[in-house]
Amino acid sequence: MTLNPGMGKYLDMAGNRAEAPNENYARELLQLFSIGLYELNPDGTQKLDAHRRPIPAYSEDTVSAFSRAFTGWTLAPPPQPEIVNYFEPMRPAGPRAHDQETKQLLNGVVLPAGQNAQTDLQHALDNVFQHPNVAPFISKNLIQHLVTSNPSPAYVGRVAAVFAGTKGDMKSIVRAILLDPDARESTGSDTQSGHLREPVLWITNLLRAFRTTEATTDFVLGEQFLPHSLHMSQNLFDSPSVFNFFPPGYVIPGENIKGPEFAIYSTSTALARTNFAYAVVYQTMPTNAFRPKGTWLDLSPFEPLATDLPRLMETLNLLLLHGTMSAQMQSVIETAVSEIPVANRLGRVREAVYLIVTSPQYLIAR
Amino acid sequence: MHQTRRAFLRTLACGAIGSAAVVSGTARLFQAQALAASGAPTDYKALVCVFLFGGNDSNNTVVPLDDYVGYAAVRGELALPQASLLPIKPPSDGRNFGLHPSLTRLHELWQQGKVGVIANVGTLIEPLTRDAYHAHPELRPVQLFSHPDQQRGWQTAFATGPISSGWGGRVADVYQTSHTVFPTTTSIDRLSLFATGNATSPLVVPSAPTPLNQTLVLKHKGDTADGSALRTLLDLASSEGSPTLVRAAAPINARAIENSLALNVDPTINTQFPDTSLANALKQAAKLIAFGRSINLSRQIFFCSLGGFDTHGNQGRETGTQATLLQTVSDAMGAFYDATVELGVASQVTTFTMSDFSRTFKSAGSGAGVGSDHAWGSHQFVMGDSVKGGDFYGRFPTLALNSPDDIDEGPTARGRWIPTMSVDQFGATLATWFGVSTSDLAHVFPHIGKFDTVNLGFML
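The shown structure was predicted, so the numbers you read here are calculated from the model rather than taken from an experiment.

Examining the overall build of chain B
Consideration 1: On a plain count of helices and strands, chain B comes out with 15 helices and 12 strands.
Consideration 2: Nonlocal contacts in chain B, meaning residues at least 24 apart in sequence, comprise 73% of its contacts between residues at least 6 apart.
Consideration 3: Carbon and sulfur atoms provide 52% of the accessible area of chain B, an area that totals close to 15000 Å².

Considering helix α2 (residues 24–34) of chain A
Consideration 1: When you tally the buried positions in α2 of chain A, you get 9 out of 11 residues, the bulk of the element.
Consideration 2: Among the residues of α2 of chain A, N24, Y25, A26, R27, E28, L29, L30, Q31 and S34 of chain A are the ones counted as buried.
Consideration 3: Contacts from the buried residues of α2 of chain A go to α1 (5–10), α3 (60–69), α4 (117–129) and α5 (134–146) of chain A together with α7 (147–156) of chain B.
Consideration 4: Positive phi shows up at G36 of chain A, right after α2 of chain A, with a value of about 80°.

Quick word on the side chain of S403 of chain B
All names here are of chain B.
Consideration 1: Looking at the secondary structure, you find S403 in the loop between β11 (392–393) and β12 (421–422).
Consideration 2: A polar side-chain atom of S403 sits 3.4 Å from the main-chain carbonyl oxygen of T398.
Consideration 3: For S403, the residues in contact, after removing those within four places along its chain, are R130, T398 and W417.

Some details on the domain arrangement of chain A
Residues and elements named next belong to chain A.
Consideration 1: One can read the domain layout of chain A as domain 1 (5–129), domain 2 (134–184), domain 3 (195–281) and domain 4 (300–365).
Consideration 2: Computed from C-alpha coordinates alone, the two centres of domain 3 and domain 4 are separated by 22 Å.
Consideration 3: Opposite the 15 residues of domain 3 that make contact, domain 4 presents 13 residues.
Consideration 4: Counting the surface lost from both domain 3 and domain 4, the interface buries some 1400 Å², and carbon and sulfur atoms represent 68% of this.
Consideration 5: When residues of domain 3 are sorted by the area they lose upon contact with domain 4, R197, F210 and V281 head the list and together hold 41% of the total.
Consideration 6: At the boundary of domain 3 with domain 4, the tally comes to 0 salt bridges.
Consideration 7: In this structure, the connection of domain 3 to domain 4 is made through 6 residue pairs in polar contact (both at pLDDT 80 or more).
Consideration 8: Considering every element that reaches the side of domain 3 that touches domain 4, the biggest residue donor is helix α10 (residues 267–281), with 5 residues.
Consideration 9: A class-by-class count of the residues in the side of domain 3 that touches domain 4 yields 10 nonpolar, 3 polar and 2 charged.

Let's talk about unusual backbone geometry
Consideration 1: In this structure, P209 of chain B follows A208 of chain B across a cis peptide bond, with omega equal to 10°.
Consideration 2: Secondary-structure assignment places P209 of chain B in the loop between β7 (203–205) and α9 (212–215).
Consideration 3: Unlike most non-glycine residues, K167 of chain A shows phi in positive territory, near 50°.
Consideration 4: Residue position: K167 of chain A is located in the loop between α6 (153–165) and α7 (170–179).
Consideration 5: Its identity is not glycine, yet F237 of chain A carries a phi of approximately 65°, on the positive side.
Consideration 6: Considering the arrangement of structural elements, one finds F237 of chain A in the loop between α9 (199–209) and α10.

Some remarks on the packing of helix α10 (residues 229–238) of chain B against helix α11 (residues 244–262) of chain B
Residue and element names in this part refer to chain B.
Consideration 1: Following both chains from N to C, one finds α10 and α11 inclined at 150°, their axes separated by 8 Å at the closest point. Crossing handedness for the pair α10 and α11: left-handed. Across from L230, R231, L234, A237 and S238 in α10, the residues of α11 making contact are V246, R247, A250, P251, N253, A254, I257 and E258.
Consideration 2: A class-by-class count of the residues in the contact of α10 with α11 yields 8 nonpolar, 2 polar and 3 charged.

Description of the interface of chain B and chain A
Consideration 1: The interface of chain B with chain A comprises 65 residues on the first partner and 64 residues on the second.
Consideration 2: Together chain B and chain A conceal approximately 5100 Å² of surface at their shared face, both sides included; 63% is due to carbon and sulfur atoms.
Consideration 3: Between the two partners, chain B and chain A, sit 3 salt bridges.
Consideration 4: Viewed at the interface, chain A and chain B are joined by 16 residue pairs in polar contact (both at pLDDT 80 or more).
Consideration 5: Among the elements of the structure, α7, β7, α10 and α11 of chain B are those that each provide at least two residues to the side of chain B that touches chain A.
Consideration 6: Broken down by element, the side of chain B that touches chain A gets its largest block of residues, 14 residues, from α11 of chain B.
Consideration 7: Along the lines of polarity and charge, the residues of the side of chain B that touches chain A split into 30 nonpolar, 22 polar and 13 charged.

Some points on helix α13 (residues 321–342) of chain B
Think of an α-helix as turning once every 3.6 residues; residues three or four places apart then point the same way.
Consideration 1: Here α13 of chain B spans 32 Å end to end across 22 residues, near enough to the 32 Å set by a 1.5 Å rise per residue.
Consideration 2: Phi turns positive, to about 75°, at G344 of chain B, one or two residues after α13 of chain B.

Brief notes about the pairing of strand β1 (residues 45–52) of chain B
Residue and element names in this part refer to chain B.
Consideration 1: With 8 of 8 residues buried, β1 lies mostly within the body of the structure.
Consideration 2: The alternating pattern of β1 places K45, L47, C49 and F51 on one face and A46, V48, V50 and L52 on the opposite face, and all of these are buried.
Consideration 3: Note that β1 and strand β8 (residues 299–306) share 8 bridges and pair parallel. Across the sheet, the residue bridging to A46 is Q300, located in β8.
Consideration 4: Bridging between β1 and strand β9 (residues 349–355) involves 7 bridges; their strand directions are parallel. Bridge pairing in β9 places F51 opposite M354.

Description of the nonpolar core
Consideration 1: Residues F210, F262 and I333 of chain A together with L282, L288 and F336 of chain B are the most contacted members of the largest nonpolar core, which totals 138 residues.
Consideration 2: When we break this core down by domain, the ones giving at least three residues each are domain 3 (195–281) and domain 4 (300–365) of chain A.
Consideration 3: Not counting residues within four places of it along the chain, the set of residues in contact with L282 of chain B comprises V48, V50, F273, C304, A332, M333 and F336 of chain B.
Consideration 4: M13, A26, Y58 and I173 of chain A belong to the second-largest nonpolar core, a separate cluster that totals 42 residues.

Brief notes about the pattern of salt bridges
Consideration 1: All told, the structure shown has 27 salt bridges over all chains when counted by the stated rule.
Consideration 2: With its nearest N and O atoms 2.9 Å apart, the salt bridge here joins D99 of chain A to R68 of chain A. In this pair, D99 of chain A sits in the loop between β2 (91–92) and β3 (103–104) while R68 of chain A sits in helix α3, placing the two residues 31 residues apart along the sequence. Of the two residues, D99 of chain A and R68 of chain A, neither departs from the other in class, the shared state being buried.
Consideration 3: Residues D57 of chain B and R75 of chain B are paired through a salt bridge, measuring 2.6 Å at the closest nitrogen-oxygen approach. Placement of D57 of chain B in the loop between β1 and β2 (62–64) and of R75 of chain B in helix α4 (residues 68–75) is noted, with a sequence separation of 18 residues between them. When sorted by exposure, D57 of chain B lands in the same class as R75 of chain B, which is buried.
Consideration 4: A network of salt bridges, in which partner residues are shared, links E23, R27 and E60 of chain A together with D373, D408, R414 and R416 of chain B.

Topic: the packing of aromatic side chains
Consideration 1: Scanning the entire structure with this criterion turns up 33 aromatic pairs over all chains.
Consideration 2: Arranged with centres 4.9 Å apart and planes meeting at 90°, the rings of W167 of chain B and F194 of chain B form a pair that is edge-to-face. Of this pair, W167 of chain B sits in helix α8 (residues 167–174) while F194 of chain B sits in the loop between β6 (185–188) and β7, and the two are 27 residues apart along the sequence. An identical accessibility class is assigned to W167 of chain B and F194 of chain B; each is buried.
Consideration 3: Site record: aromatic cluster; members linked through ring pairs are F51, F53, W154, W167, F194, F303, F352, Y393, F426, F445 and F458 of chain B.
Consideration 4: Positioned over the ring face of Y362 of chain A is R197 of chain A, at 4.8 Å from the centre of the ring.
Consideration 5: Between R416 of chain B and the ring centre of F145 of chain B, over which it is positioned, the NZ or CZ distance is 5.4 Å.

Calculation criteria
- Residues numbered from 1 in each chain as written.
- Chains lettered and ligands numbered in written order.
- Predicted model: local features only at pLDDT ≥ 70, side-chain atom pairs only at ≥ 80, totals over all residues.
- Heavy atoms only, no water.
- Helix = DSSP H or I, 4+ residues; strand = E, 2+ residues; numbered from the N terminus.
- Contact = heavy atoms within 4.5 Å.
- Areas by Shrake-Rupley, 256 points an atom, 1.4 Å probe, with all protein chains shown as cover.
- Buried < 20%, exposed > 50% of the residue type's maximum accessible area, 1.4 Å probe, protein only.
- Polar contact = N/O pair within 3.5 Å; in protein donor to acceptor, adjacent residues only side chain to side chain.
- Domains from an automatic or database assignment.
- Buried area = accessible area lost by both parts, 1.4 Å probe.
- Salt bridge = Lys/Arg side-chain N within 4 Å of Asp/Glu carboxyl O.
- Nonpolar A, V, L, I, M, F, W, Y, C, P; charged D, E, K, R; others polar.
- Axes fitted to C-alpha atoms, helices over the stretch in contact; angles between N-to-C directions.
- Left-handed = near helix turned anticlockwise from the far one by under 90°.
- Expected span 1.5 Å × (residues − 1).
- Pairing = 2+ DSSP bridges.
- Core = buried A, V, L, I, M, F, W, Y, C linked by side-chain atoms within 4.5 Å.
- Phe/Tyr/Trp six-rings, centres within 6.5 Å; stacked < 30°, edge-to-face > 60°.
- Lys NZ or Arg CZ within 6 Å of the ring centre and 35° of its normal.

Here you go:
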């Protein structure tokens, strides 16, 4: 990642030179990609000083030292004139471009003077990876994305132990996250568990639930291809900044608990989701050159159930809410659907699906 | 009423209501609004925040002309050509300065006394000297130089740690509004902490050119006779037995539907706006002001923003990245000012800029890719007929590495100025003009007592 030419351009490590070091990559590597702002316990909670204040994981001097360790890299030569080389890793720009003075890194490690750009880079990345924050920091972020916005310290601790024990093997870590008792068993009793589905996962979950194939969707990602009324503030792969869409510490106003995905959930994006559900359920998605088919759900397999509302509800409950729908919710939806004439089978199925997938119960993955 | 409005807001601030869990989210919202509506003012005022995401380089926004040589010697390849600068002479300072050549409209408004500059303002826990900065790390705002933390610091006016409400939202919390449904704060295009209070959640609508009455449209209420199922399900989700996150999402959907019904007109604004994201956001704010006037809202607060100011590389000078961004800001704010004149509210609407931080005086990189890194104290603009424009407020910093204004030390110093005024003071001055009483100021700006001057004096 560090020598990826795209990253080199994005966070200015390409062309980072000794005479005027650029702090951009160094700072975000520490803050976002590895250890975070504060010293952590193995269970992801913040270490506190004698005055019960969190302890910064590094100082400005550390950022400056890493920025100097990362000097001396440039993009590979253009494969053709006028073409930026986004194909090969960055390479050293020559000895004078690299700062060869000593550098004070994390945990008291000092890079000796006189090392070249490759050696300094390797030692600096090793220094970051050996920081005790890495396991709990990455583990907690992954849990928040995959399972719950407010994981218990014990849960984070169990996953971080797997991280530390496997030197960050992602397969093992994801398995530990998804098979943890907190992910499997406690959803019924822990009222704070779960997380708001981010827009792209809400959409894919919806499409996959109804086995959508390319016959009924264009599979085009990117909000720019949708009408403005369907924008959900997640233009995939084009977040407003390197901080991405979901601040891990985002506290839901008035609720006192975290909900990173709520940072882009507003009156505007809430209606966009409701209207998106309408478009795919009722087959009204506007088409254009980039989306010639529009995207819609084929609900015809459910039409035979339209005359047997309890069975329709039971089937959709299992499919969309894995059986968690309350009796009250089921009753409200059944009443609404029963007002549609039996002859309008598709209309009945559409109404039921629309009311479920726009419900807050479906928005929250639990 | 069993409790005073302020006491109620205080319980919200302490989270007591949240843990009591006796009032559903939706009901809580309306309870807060009903309480707030108890003593509405009869006049109209609006605050408009223009946030420059990424950290605008103030050192190339306002440049000293009388010491141009000293400026150019350190800025080197980043130095703006002297002849390109738009000259200003703030009476309180007495020296000559120049605005970035892109800021033509703001320069014009400065000359008309409609625009002022707040010099070297930033996040602070309390007033700080260079010596105290080095001797007492605990007096430094939390995570200086980190984008999200400093964006939060500016939006919350709370430099000692994260907090889940912004100062615009807290102004709305304590301020009486005359309308019971439509929110006082609006965040254009994206949710913002600034516009989120303890009892206030902002309306979020997309920018122009989306017509105002098309910004929030519910395409389908359901097929039943009265279309009430959607709303009934939201009430059910808001109820006590629901999981916390379900209960948190439901009122946002409910508000969206209510506001979609309220926003049923698209007011005409004849002023021509440029076709930029910021201008389109400000045009929507102008329409919402017209709409707010039409339903007798007495107070409105807006959040608009422009990104791209994180110019570590390729910052440019009189042309290039920052020049294009500042041109966008200047032209959009100029058009917005014209729109407030058109609506007859130029003295009732005050617009101001905020940004993560300024950037290092000494550059990062060299050649065409030259840029600058994260710093601290910055200069911000305030605009409107109630602004005492054409002047600086605060002391312009000494632009010299290792000066008493610089936190950096020794030969590697980059020039990061210690603010001489805090975001708290900046916000309190605007909030006071808006009508927040002295006693309520302490709720909105909890650390204001750390600063001698509560009102910086830039408002009439």
